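Working through the structure, step by step
One-letter residues, chain by chain:
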Amino acid sequence: MSAAVYTGDGAIAVQELAVPRPGPDEVLIEVSHCGICGTDLHLVLEQYARPGSVLGHEWAGTIAALGEGVDGWELGTRVVADATPGCGECRSCRRGRPAVCLRREPPDYFGFRGAFCRYKAAPAARLLRIPDALSTRDAALTEPTAIALHTVALSGATPDDRVLVTGGGPVGLLTTAVLRAQGVTDITVSEPAGPRRERALAVGAAKAVAPETLPKAPMAGTVDAPFTIAFECSGHASAAEAALDQLDYAGTLVFVGTGHEWPRINHNRTIVLELTLIGAYNYEASGFAPALELLASGALPLGELIEADDVLLDGLLPAMERLAAGELAGKVMVRPEVQS
Ligand SMILES: [Zn+2]
Ligand SMILES: [Zn+2]
């Protein structure tokens, strides 16, 4: 099968690899689509990935073969794989936070287990059937949607909130759309790229602004029109600093986007305004099922959240570079085929 293999030094090559054999209690998945995640960009463009690995974890596909002992699944069934559940016993799980379970198996970004290829093996116990109302391609948005649901849940956002989202890329757009689906309407997206600002409005933001229009906070007190919650989705230090400046008394800043440079946090302001700073990572205890349900409900503008044109395996690296440059707004789907 063809696979997009990370070959080191920020390069990807399409190589022919053997089709994996599903082990006991595993199925073989024929990948329909796999989304490009910000993590994939960091791993490739910043060269953290291990040469020889195949990335891609936001996949959906159909069952192509059953391993030994697999029961209750049929060939051709359209599926995604659910999150690994928390162990239920470690101190994170006991505190009701299985997203940061201490016994979570490490992400498989570094081994040959990703889905920028035609086939991959997956544990049968984690499969979720894709609802009829949802295309397999759109179901590849399940994992990032589950993250957005977790992010919004941790933030405690309600329809009364005034929300700022910094960063109008795939993560910011999905967070905006999920907020909107949950009845939050007062959403402003801050984003430097004009096309991404337009897309933000299309997915449900009430306002989209350029970052330089966000005011600096006064020494004491708030800006004129403060926000109760800010979601920092860009990973840029300057965006996090600007987001903190926009918060109201008792406001909350949620760190969603990772990045190289660390923001400077004004602790005085955090103290005086009694701000809350939190991070969001991984999923709710309920896993991917609520995300699949939300995607199938029709409540999300999937045509705006997902880029219209699929990328093929040999187009993966150029697409990653365009995403990193902010030239693409929505989620880019990779179809595991080769152009030539
Ligand atoms: Zn991801
Ligand atoms: Zn645990």
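See the structure above.
I will try to describe carefully the structure that is included in this document. Bear in mind the structure is a predicted one, so any value in this text is a computation, not a measurement.

What follows deals with the coordination of the zinc ion (ligand 2). Here the zinc ion (ligand 2) is held by the protein donor atoms Cys87 (SG), Cys90 (SG), Cys93 (SG) and Cys101 (SG), which lie 2.3 to 2.4 Å from it. Coordination at the zinc ion (ligand 2) is tetrahedral, judged from the 4 donor atoms that bind it and the angles of 105 to 117 degrees they form at the metal. Along the chain, the residues donating to the zinc ion (ligand 2) fall in the pattern C-x2-C-x2-C-x7-C. Judged by its relative accessible area of 6%, Cys90 is buried.

By size, the foremost hydrophobic cluster in this structure holds 46 residues, and its most contacted members are Leu179, Phe231 and Leu305. Elements that contribute at least two residues to this core include exactly α4 (142-155), β8 (163-166), α5 (170-181), β9 (187-190), β11 (227-232), α9 (289-297) and α10 (302-305). Setting aside residues up to four positions removed in sequence, Leu305 forms contacts with Leu141, Leu173, Leu174, Ala177, Val203, Leu300, Gly330 and Lys331. Among the nonpolar cores identified, the runner-up in size contains 39 residues, and Val44, Trp73, Leu316 and Leu323 belong to it.

All chains considered together, the criterion is met by 13 salt bridges. Of the charged contacts, one joins Glu89 and Arg103 as a salt bridge, the two residues approaching to 3.1 Å between their closest N and O atoms. With Glu89 in the loop between β5 (78-81) and α2 (91-94) and Arg103 in the loop between α2 and β6 (119-123), this residue pair connects regions lying 14 residues apart in the sequence. Relative accessible area serves as the criterion here: at 54%, Arg103 is assigned to the exposed category. Residue Asp186 pairs with Arg162 through a salt bridge whose shortest N-O separation is 3.1 Å. One end of the pair, Asp186, is in the loop between α5 and β9; the other, Arg162, is in the loop between α4 and β8, and 24 residues separate them in sequence. Exposure remark for Asp186: the relative accessible area of 28% places this residue in the partly exposed category. Through salt bridges that share partners, Glu30, Arg118, Arg137, Asp310, Arg335 and Glu337 make up one connected network.

In this section: the pairing of strand β2 (residues 11-16). Relative to β2, strand β1 (residues 2-8) runs antiparallel, the two sharing 6 bridges. Across the sheet, residue Val5 finds its bridge partner in β2, namely Ala13. Linking β1 back to β2 in an antiparallel pair, the connection comprises 2 residues, with Asp9 at a positive phi of about 55 degrees.

Right, let's talk about the packing of helix α1 (residues 38-45) against helix α11 (residues 316-324) for a bit. Their axes nearest at 10 Å, the elements α1 and α11 cross at an angle of 110 degrees. It follows that α1 is roughly perpendicular to α11 by the angle criterion. Two secondary-structure elements touch here, α1 through Asp40, Leu41, Val44 and Leu45 and α11 through Leu317, Met320, Glu321, Leu323 and Ala324. Looking at side-chain class alone, the contact of α1 with α11 contains 7 nonpolar, no polar and 2 charged residues.

This next bit is on α4. For α4, built from 14 residues, the straight-helix expectation of 20 Å at 1.5 Å per residue is met to within 8% by its first-to-last C-alpha distance of 20 Å. Taken together, the buried positions of α4 are occupied by Thr142, Glu143, Pro144, Thr145, Ala146, Ala148, Leu149, His150, Thr151, Val152 and Ser155. Gly156 sits one or two positions beyond α4 and adopts a positive phi of about 75 degrees.

The geometry of α4 relative to α5 is characterised by a closest axis approach of 9 Å and an angle of 60 degrees between their N-to-C directions. In terms of orientation, α4 and α5 fall into the oblique class. As α4 runs across α5, the sense of the crossing is right-handed. Contact residues: α4 offers Pro144, Thr145, Ala148, Leu149 and Val152, while α5 offers Leu174, Thr175, Val178 and Leu179. A breakdown of the residues in the contact of α4 with α5 according to their chemical character gives 7 nonpolar, 2 polar and no charged.

We now examine the side chain of Glu191. Looking at the element boundaries, Glu191 is found in the loop between β9 and α6 (194-202). Buried charge without a salt bridge: Glu191, with Arg196 as the nearest opposite-charge side chain at an N-O distance of 4.1 Å. Among the polar contacts listed, one links the side chain of Glu191 to the backbone nitrogen of Ala193, at a separation of 2.8 Å. Apart from residues lying up to four places away in sequence, Glu191 is in contact with Gly167, Gly168, Gly169, Arg196, Arg197, Val209, Ala210 and Pro211.

Size it by volume and the second largest pocket reaches roughly 380 Å³. If you list the elements that add at least two residues to the lining of the second largest pocket, you get α7 (237-245) and α8 (267-272). Of the residues in the lining of the second largest pocket, the class split is 11 nonpolar, 4 polar and 5 charged.

Moving on to unusual backbone geometry. At Asp25, a residue that is not glycine, the phi angle is positive and equals roughly 65 degrees. When you line up the elements, Asp25 lands in the loop between β2 and β3 (26-35). Overall, the relative accessible area of 47% leaves Asp25 in the partly exposed class. The backbone of Asn282 sits at a positive phi, close to 65 degrees, despite the residue not being glycine.

The rules behind each value
- Residues numbered from 1 in each chain as written.
- Chains lettered and ligands numbered in written order.
- Predicted model: local features only at pLDDT ≥ 70, side-chain atom pairs only at ≥ 80, totals over all residues.
- Heavy atoms only, no water.
- Donors = N, O, S within 2.8 Å, 3.2 Å for Na, K, Ca; no water.
- Tetrahedral: all angles 85-135°; square planar, octahedral: opposite > 155°, others 65-115°.
- Buried < 20%, exposed > 50% of the residue type's maximum accessible area, 1.4 Å probe, protein only.
- Core = buried A, V, L, I, M, F, W, Y, C linked by side-chain atoms within 4.5 Å.
- Helix = DSSP H or I, 4+ residues; strand = E, 2+ residues; numbered from the N terminus.
- Contact = heavy atoms within 4.5 Å.
- Salt bridge = Lys/Arg side-chain N within 4 Å of Asp/Glu carboxyl O.
- Pairing = 2+ DSSP bridges.
- Axes fitted to C-alpha atoms, helices over the stretch in contact; angles between N-to-C directions.
- Parallel < 35°, antiparallel > 145°, perpendicular 65-115°, else oblique.
- Nonpolar A, V, L, I, M, F, W, Y, C, P; charged D, E, K, R; others polar.
- Expected span 1.5 Å × (residues − 1).
- Left-handed = near helix turned anticlockwise from the far one by under 90°.
- Lys, Arg positive; Asp, Glu negative; His and termini not counted.
- Polar contact = N/O pair within 3.5 Å; in protein donor to acceptor, adjacent residues only side chain to side chain.
- 1 Å grid on protein atoms, 1.4 Å probe; cavity = no way out; pocket = protein on both sides within 12 Å on 5 of 7 lines; lining within 4 Å.
- Points joined across faces, edges and corners; volume = space filled by probe spheres on them.

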